[in-house]
Amino acid sequence: MNADTIWKDIKEIRGDAPLVHNITNFVVMEVTANALLAIGASPVMSHALEDVEDMVGIASSLVLNIGTLSEPWIEAMFRAGEAARRRGLRIVFDPVGSGATRYRTETSLRILEELQPAIIRGNASEIMSLVTSQTVTKGVDSRYGSDKAMDAAFRLTDKYRCVVSVSGAVDRIVFQNEIIKIANGHEMMPRVTGLGCAATALTGAFAAVDPSPFEAAAAAMAVMGIAGEIAAEKAQGPGSFRVRFIDALHAIGENDLRTRLQAATESR
Amino acid sequence: MNADTIWKDIKEIRGDAPLVHNITNFVVMEVTANALLAIGASPVMSHALEDVEDMVGIASSLVLNIGTLSEPWIEAMFRAGEAARRRGLRIVFDPVGSGATRYRTETSLRILEELQPAIIRGNASEIMSLVTSQTVTKGVDSRYGSDKAMDAAFRLTDKYRCVVSVSGAVDRIVFQNEIIKIANGHEMMPRVTGLGCAATALTGAFAAVDPSPFEAAAAAMAVMGIAGEIAAEKAQGPGSFRVRFIDALHAIGENDLRTRLQAATESR
Amino acid sequence: MNADTIWKDIKEIRGDAPLVHNITNFVVMEVTANALLAIGASPVMSHALEDVEDMVGIASSLVLNIGTLSEPWIEAMFRAGEAARRRGLRIVFDPVGSGATRYRTETSLRILEELQPAIIRGNASEIMSLVTSQTVTKGVDSRYGSDKAMDAAFRLTDKYRCVVSVSGAVDRIVFQNEIIKIANGHEMMPRVTGLGCAATALTGAFAAVDPSPFEAAAAAMAVMGIAGEIAAEKAQGPGSFRVRFIDALHAIGENDLRTRLQAATESR
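Residues numbered from 1 in each chain as written. Chains lettered and ligands numbered in written order. Predicted model: local features only at pLDDT ≥ 70, side-chain atom pairs only at ≥ 80, totals over all residues. Heavy atoms only, no water.

What to know about the relation of the copies chain B and chain C
Here is step 1: When chain B is fitted to chain C, the best match, at an RMSD of 0.0 Å, comes from turning it 120 degrees and sliding it 0.0 Å along the axis. This pairing of chains is accounted for by a three-fold axis. It is B:Phe26 whose C-alpha, among those of chain B, lies nearest the rotation axis, at 3.8 Å.
Here is step 2: With a heterologous cut-off of 20% or less, the 10% of interface residues of chain B that recur at the interface of chain C puts this contact in the heterologous class. (Least-squares fit on C-alpha atoms with pLDDT ≥ 70 in both. Contact = heavy atoms within 4.5 Å.)

Below, the structure is given as structure tokens:
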């Protein structure tokens, strides 16, 4: 992954406006939709059993996020997920708060087993919770840097043959034996609700256009981080940061990618 | 409709703060409520079967929006809608995503048949989907300009005796044999989630104070468009556009209407 | 309560990031979460019966808000509330729209009787509705200043041994025989949706760290009001006010409290 491949993806998103079907949590729906619109994708939210199969039928990717999960929503996630699998559509999964409660952890594991998402995207605590029964999280915020989750990420990529995208001060995206490290971003980002979930949604947009889910996941985190850096330059706090972040996603150009991208690839 | 009549409506909204009862989608609730507050109305959101009749009982208009529909919410829409009809309260209906899935199209048609909204407000794809079985939409974004929906709009106004308000680069509001065309607005507006839904909610506010639902529907679209133009002057992207749009709705004055309104009336 | 005690609370919130578990309404979830993050707390939203007990088990306080209530959410509020009582966790309750519909009033009274919140926080109309069967509200906006609700507030503190925090141009926080009056704030605040609900959520954050629920409730209102004043200095309307309000919560410092706090204590 480099600035050229990311730029190619962005141009494709802006040209095609891929429809990203989100079954996500109530807190972040607006910022998620605005982030997708800002990068050029077409967001849709739909969670009714009666609606999700048709919507998956016209979507380019499916994003599942359990941030405010409940039984009817989980049922809809499985129905949508099964429809996505039948169509060969990529599923991006965000295990929000996994590890904080048994319900979240167990639902996450069921989704991994039964729907086999192409990409899991979470913070270190959430990713670690998927391979251990230890409590590693507090609510929905991570206690650890992404480096601490590398053992868990490799176990997940081995077991589920999926990409594992771990956010943090340095984002680490894992697939098979490789790690892409992205050092872009800004410390204000965890102070704004929903930016992790927006990262997951953008991952859905990139996964709709990039042939490689590994590169798609890394490109999404790079774009998030670079937009965060641009936003931070003029922000005076998390309120104005959020506004400028959306502006930056919309304005991001080839030159921003070339001058700012801090990516490196490592082997296991 | 002209600047005077719109200004009269705005003064009445600001003076009376009509209570607009919204049963709407999760994505746009906040921006909808903020748009209603900014223009001077009093928004309320209520969707429980146990709650909606009492709330309709004190409301000045009812807005129904199926953007994240599900069975319990549809049931509540019908209960609220029937209570609104008994009270003679105007219903404004937004068929979000109609045409994208059968569930949305069928629910929209049931609402038209059984609740007879005073005003239908949607984009061209959504309006067209109400009179054809062809797929004309992708998710919740329109594929067409409002001119393409004029046949459908006239069929709907003939059949349901309602106003049909079609948004686009030029908004077209149809009733009986007339079209009001509003050329205000800005290309950034579809890049911000919920502005279409906010237009529907503002239509509810204007429908609460203007004797003519036709003029109310047109006034709401004119105010949306003019606030959008004002917002665009200082916005640096869709994030700051959204902020300035709310500021502009709050500040909009008689002079803005007089100098900016681009409205024309045509016959069928 | 004075600037010192408020500042001590803020430092503790910023140091410990207490987890505030919110079961709240759809309209305000994002601004609530962002307000909690801005002051330094860690917000979580969870409403599933299967999830709330575990989440309460790791939370530092519980906030219940009935703004978009429905049967499953009420059931979850009681399950979470009972778990909070077993743990000795403080419950902060916001009776949004109580008085507007029977369902809201009756649910509020059940919550008072069965869950015994440490703090009730509402506007004057809502607080008055809890002790009278007269209609005193229109939707979710108050018709009265906080002074009009003092009789009701004293009856509630006597009956339920709880703090009663009444927002208005002057906020009045009541406990036993005392009233703390906070004269900070700005007239723009009721023009932004969710700032009342954000006040309730911040009350939850302060109640997680301050030994006295009375001082916690007052500190939260003081911080809201002072952040509102700071925000108003540069805001151009309710859109930019909301952005700057979040910035101000994040930046608020000891000196802001010392120079701006307008608090006074009175006896019944």
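Quick notes on the packing of helix H3 (residues 49-58) of chain A against helix H4 (residues 71-87) of chain A
Residues and elements named next belong to chain A.
Here is step 1: Two elements in contact, H3 and H4, have axes separated by 9 Å at closest approach and are oriented at 30 degrees. On the basis of their axis angle, the class for H3 and H4 is roughly parallel. Crossing hand, H3 versus H4: right-handed. In contact with Leu 49, Val 52, Glu 53, Val 56, Gly 57 and Ile 58 of H3, H4 contributes Glu 75, Ala 76, Arg 79, Ala 80, Ala 83, Ala 84, Arg 86 and Arg 87.
Here is step 2: Across the contact of H3 with H4, the residue classes tally to eight nonpolar, one polar and five charged. (Axes fitted to C-alpha atoms, helices over the stretch in contact; angles between N-to-C directions. Helix = DSSP H or I, 4+ residues; strand = E, 2+ residues; numbered from the N terminus. Parallel < 35°, antiparallel > 145°, perpendicular 65-115°, else oblique. Left-handed = near helix turned anticlockwise from the far one by under 90°. Nonpolar A, V, L, I, M, F, W, Y, C, P; charged D, E, K, R; others polar.)

Describing the relation of the copies chain B and chain A
Here is step 1: Once chain B is rotated about the relating axis by 120 degrees and shifted along it by 0.0 Å, it coincides with chain A to within an RMSD of 0.0 Å.
Here is step 2: Here only 10% of the interface residues in chain B have copies in chain A that are interface residues too; the copies meet through unlike faces.

With respect to the sheet that holds strand E3 (residues 61-65) of chain A
Residue and element names in this part refer to chain A.
Here is step 1: Read from one edge to the other, the open sheet built from nine strands follows the order E2-E1-E3-E4-E5-E8-E9-E10-E11, with strand pairing classed as mixed. Edge positions in the sheet fall to strand E2 (42-45) and strand E11 (263-267), since each has one partner strand and no second. Ignoring which end each strand starts from, the neighbouring axes of this sheet average 20 degrees apart.
Here is step 2: Those strands touched by helix H2 (residues 29-39) are strand E1 (19-23) and E2, and its axis lies near 155 degrees from that of E2.
Here is step 3: With respect to the sheet, H4 is in contact with E1, E3 and strand E4 (91-94), its orientation differing from that of E3 by roughly 155 degrees. (Pairing = 2+ DSSP bridges.)

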